[in-house]
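Structure at a glance
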Amino acid sequence: MPKLENIVLVGASGRMGRCIQALAEEEGLSVQACATRPKFQLPEIRVPHASVLIDFSHSTVTHSLAEELEARAPYAPPLLVGTTGLLPETVKTLRSCAERRACLLASNFSLGMTLLRACVRLLAARLPASFGTEIVEIHHRHKRDRPSGTAQSLRQEIQGARRRENEPADSQDQSPFNTGLHSLRLGSFAGEHQVIFAGEGENLRLIHQAENRQIFARGALYAARWILGRDPGLYSMEDVFDL
Ligand code: NAD
């Protein structure tokens, strides 16, 4: 496996971008910031064989990035996307990019959340259908998208695990398992997600609290080292942690 030397960072001036840059530099990696204003522009990549592109920006910027990568075949480094609130057409373009390079999309790069998702899948698959589920997420007041990408991916996990074989998805949407999403935006919360499974006389609550942004930055750098040299394809954090 090649060794990671350089990060090409999209959204470098943002909260997450600054946090990734600080951590990457502490770890002896060099960081190339990618201009996003007035127009997205991919720079000439200094160490093509040892670089990973990391995007924590905005859905419109991620869309331009995906289009640029699709056009710039055959070579561009592997890509990690942490931006949330992506448009369906962006996800489609990223899927097509993943045919030529390794791409990883994660609405939450933390190890704790990746494991919580695995627990949610297990509970959703094993608990009786009479258990209702709700998701509550709390983020700082500057977060633009709601519900969070993580809350949406948790709901998909629940619906996927509860979808019985041979039953059309439409009928599931009207089932009592329909999972409500509740979003709160206040203060400086880095991010909290709570998944509640409630039945008659007992309930389970799984809570993940992000105390600071460093957990996402650390997860992103861990994933960057993992993805370098991988075959083309669309990966997730479950692949990184072999779940
Ligand atoms: P931020 O607002 O602090 O920074 C956003 C960055 O994108 C800045 O560099 C800004 O200049 C650029 N940008 C934003 N809108 C733009 C536009 N219209 N045109 C050009 N450039 C633009 O945001 P943040 O807190 O750093 O979060 C960035 C993204 O990462 C968000 O989508 C957030 O939800 C997501 N996020 C993901 C994770 C994860 O683990 N996947 C964790 C935290 C945040």
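Residues numbered from 1 in each chain as written. Predicted model: local features only at pLDDT ≥ 70, side-chain atom pairs only at ≥ 80, totals over all residues. Heavy atoms only, no water.

**Some details on unusual backbone geometry**
- Cis rather than trans, the peptide bond between Arg37 and Pro38 has omega equal to 0 degrees.
- By the secondary structure assignment, Pro38 is in the loop between β2 (30-34) and β3 (51-55).
- Pro147 follows Arg146 through a cis peptide bond whose omega is -5 degrees.
- At Asp242, a position not held by glycine, the phi torsion is positive, near 55 degrees.
- Counting through the fold element by element, Asp242 comes out in the segment after α8 (237-240).
- Exposure remark for Asp242: the relative accessible area of 69% places this residue in the exposed category. (Helix = DSSP H or I, 4+ residues; strand = E, 2+ residues; numbered from the N terminus. Buried < 20%, exposed > 50% of the residue type's maximum accessible area, 1.4 Å probe, protein only.)

**What about the domain arrangement of the protein chain?**
- Annotation of the protein chain at the domain level lists domain 1 (6-109 + 214-240) and domain 2 (111-209).
- Inter-centroid distance (C-alpha atoms) of domain 1 to domain 2 is 26 Å.
- Counting residues at the interface gives eleven residues for domain 1, matched by 16 residues for domain 2.
- Each partner contributes to the roughly 980 Å² buried at the junction of domain 1 and domain 2, and carbon and sulfur atoms together form 42% of this total.
- For the interface between domain 1 and domain 2, the tally reads two salt bridges.
- Measuring nitrogen to oxygen at the nearest pair gives 3.6 Å for the salt bridge that ties Glu238 to Arg121.
- Joining domain 1 to domain 2, the criterion identifies four residue pairs in polar contact (both at pLDDT 80 or more).
- Residue assignment for the side of domain 1 that touches domain 2 shows that the elements contributing at least two residues are α7 (214-227) and α8.
- When grouped by side-chain class, the residues that make up the side of domain 1 that touches domain 2 number four nonpolar, five polar and two charged. (Domains from an automatic or database assignment. Contact = heavy atoms within 4.5 Å. Buried area = accessible area lost by both parts, 1.4 Å probe. Salt bridge = Lys/Arg side-chain N within 4 Å of Asp/Glu carboxyl O. Polar contact = N/O pair within 3.5 Å; in protein donor to acceptor, adjacent residues only side chain to side chain. Nonpolar A, V, L, I, M, F, W, Y, C, P; charged D, E, K, R; others polar.)

**Topic: the packing of aromatic side chains**
- For the structure on display, the rule yields three aromatic pairs.
- Centroid distance Phe56 to Phe109: 5.6 Å. Interplanar angle 45 degrees. Geometry classified as tilted. Residue Phe56 is found in the loop between β3 and α2 (59-71), and its partner Phe109 is found in the loop between β5 (102-105) and α4 (111-126); the two are separated by 53 residues along the sequence.
- Classification of Phe56 by relative accessible area gives buried; the value is 13%.
- Aromatic pair Tyr222 and Phe241: ring centres 5.4 Å apart, planes at 20 degrees, arrangement stacked. Of this pair, Tyr222 sits in helix α7 while Phe241 sits in the segment after α8, and the two are 19 residues apart along the sequence.
- Owing to a relative accessible area of 48%, Tyr222 belongs among the partly exposed residues under this scheme.
- The partly exposed category is assigned to Phe241, whose relative accessible area is 22%.
- In this structure, Arg230 is placed above the aromatic ring of Trp226, and the distance from its NZ or CZ to the ring centre is 4.0 Å. (Phe/Tyr/Trp six-rings, centres within 6.5 Å; stacked < 30°, edge-to-face > 60°. Lys NZ or Arg CZ within 6 Å of the ring centre and 35° of its normal.)

**Here's the deal with the site of the ligand**
- Within the structure, the ligand sits among 22 residues, and Ser13, Met16, Thr84, Phe109 and Lys143 are positioned closest to it.
- Interatomic distance of 3.2 Å between a backbone N/O atom of Gly14 and an oxygen atom of the ligand.
- Considered on its own, the ligand offers 860 Å² of accessible surface; in the complex 82% of this is hidden by protein.
- Looking at the shell around the ligand, the elements that each hand over two or more residues are α1 (15-26) and α2. (Near = heavy atom within 4 Å. Areas by Shrake-Rupley, 256 points an atom, 1.4 Å probe, with all protein chains shown as cover.)

**Overview of the packing of α1 against α7**
- Remark: α1 packs on α7, axes separated minimally by 9 Å, with the N-to-C direction vectors making an angle of 60 degrees. By the criterion of interaxial angle, the relationship of α1 to α7 is oblique. Classified by chirality, the crossing of α7 by α1 is right-handed. Contacts from Met16, Cys19, Ile20, Leu23 and Ala24 in α1 reach Gln214, Phe216, Ala217, Arg218, Ala220 and Leu221 in α7.
- Across the contact of α1 with α7, the residue classes break down as nine nonpolar, one polar and one charged. (Axes fitted to C-alpha atoms, helices over the stretch in contact; angles between N-to-C directions. Parallel < 35°, antiparallel > 145°, perpendicular 65-115°, else oblique. Left-handed = near helix turned anticlockwise from the far one by under 90°.)

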